[in-house]
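Take a look at the letters that make up each chain.
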Amino acid sequence: MKNATAKTHKRAKTHRRALTAAENILWQEIRRKQIHGYHFRRQVPIGPYITDFACVKEKLIIEVDGIGHAEPDEISRDEKRTAYLEQLGWHVVRFQNIDVFDHIDAVVEQIWHHLKQSEPLHA
C-alpha cells in the first residue's frame with residue numbers, strides 16, 4: 001500500500017506541471033486564496049485518485065472535465081470516484097471545460113457558493 005501511495009504522489013507532481021488549458025484558467029482564479037481567503041491546492045492525491053483542485057480545510061474538491069468525461073465508461077468511473085471521495089467526507093463539484101472557458105466568473109461564483117455552504121453559522 002505504501003508503494004501505491006508513493007506512486008500516486010509522484011503522478012500528482014507530474015500532473016501539476018501539465019495542467020490542461022481549462023485547469024490552468026481555473027487555477028489562475030483560485031490560487032493564492034483569491035476566493036475570499038480560501039486556500040486551494042492543485043492535483044491533490046486522495047486515496048488512489050488525483051483530484052484537480054482541493055480546498056482541504058473545507059473538504060471541497062473541484063474537478064474540471066473535458067469532453068472525454070461524457071463517454072459512458074468515463075461517466076461510470078467518475079461516479080465511482082465521486083462516491084469514494086464522498087465516503088471520505090469530501091464534497092465533489094464538477095465543471096465542464098467549456099464552462100471554465102466561457103463562464104469563468106460563474107464557475108468561481110459557484111465555487112464560492114459551495115464554500116459558503118460549508119461555513120458554520122454564527123449565532
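Here is a short report on the structure shown in this document. For clarity, every value in this text was computed on a predicted model and none was experimentally measured. (Residues numbered from 1 in each chain as written. Predicted model: local features only at pLDDT ≥ 70, side-chain atom pairs only at ≥ 80, totals over all residues. Heavy atoms only, no water.)

1. A look at the sheet that holds strand β2 (residues 49–55)
Then step 1. Taken in spatial order, the four strands of this open sheet run β1-β2-β3-β4, and their pairing is mixed. What marks the edges here is a single partner per strand, and that holds for β1 (41–46) and β4 (91–96). With strand direction ignored, the average angle separating the axes of adjacent strands in the sheet is 45 degrees.
Then step 2. The sheet contact formed by β2 and strand β3 (residues 60–65) spans three bridges and is antiparallel. Pairing of cysteine 55 across the sheet is with leucine 60, part of β3.
Then step 3. Running over the sheet, helix α5 (residues 104–118) touches β2, β3 and β4 and is turned about 170 degrees from β4. (Pairing = 2+ DSSP bridges. Helix = DSSP H or I, 4+ residues; strand = E, 2+ residues; numbered from the N terminus. Axes fitted to C-alpha atoms, helices over the stretch in contact; angles between N-to-C directions. Contact = heavy atoms within 4.5 Å.)

2. Considerations on the environment of glutamine 117
Then step 1. By secondary structure assignment, the location of glutamine 117 is in helix α5.
Then step 2. When the C-alpha atoms of glutamine 117 and glutamate 58 are compared, they prove to be 9.8 Å apart, with 59 residues separating the residues in sequence.

3. A few points about the nonpolar core
Then step 1. Ranked by size, the top nonpolar core spans 22 residues in total, and within it Leu26, Phe40, Ile62, Ile111 and Leu115 carry the most contacts.
Then step 2. Elements with a contribution of two residues or more to this core: α2 (21–30), β2, β3, β4 and α5.
Then step 3. No other element matches the six residues that α5 contributes to this core.
Then step 4. Other than its neighbours up to four places away in sequence, isoleucine 62 contacts Leu26, Phe40, Asp52, Phe53, Val93, Phe95 and Ile111.
Then step 5. Counting seven residues, the second-largest nonpolar core is a separate cluster that includes Val44, Ala54, Ile61 and Leu85. (Core = buried A, V, L, I, M, F, W, Y, C linked by side-chain atoms within 4.5 Å. Buried < 20%, exposed > 50% of the residue type's maximum accessible area, 1.4 Å probe, protein only.)

4. A closer look at the pairing of β1
Then step 1. Where β1 meets β2, five bridges bridge the pair, whose relative direction is antiparallel. Bridge pairing in β2 places proline 45 opposite isoleucine 50.
Then step 2. Connecting the antiparallel pair β1 and β2 is a turn made up of two residues, with glycine 47 showing a positive phi of about 60 degrees.

5. Brief notes about α2
Then step 1. Those residues of α2 that sit buried are Ala22, Glu23, Leu26, Trp27 and Ile30. Projected down its long axis, α2 shows its buried positions confined to an angular sector of 135 degrees, all on one face.
Then step 2. The inward-facing, buried residues of α2 abut β1, β2, β3, α4 (97–102) and α5.
Then step 3. Backbone geometry just downstream of α2 places arginine 32 in the positive-phi region, at approximately 55 degrees. (Arc of directions from axis to C-beta.)

These figures capture arrangement, not role.
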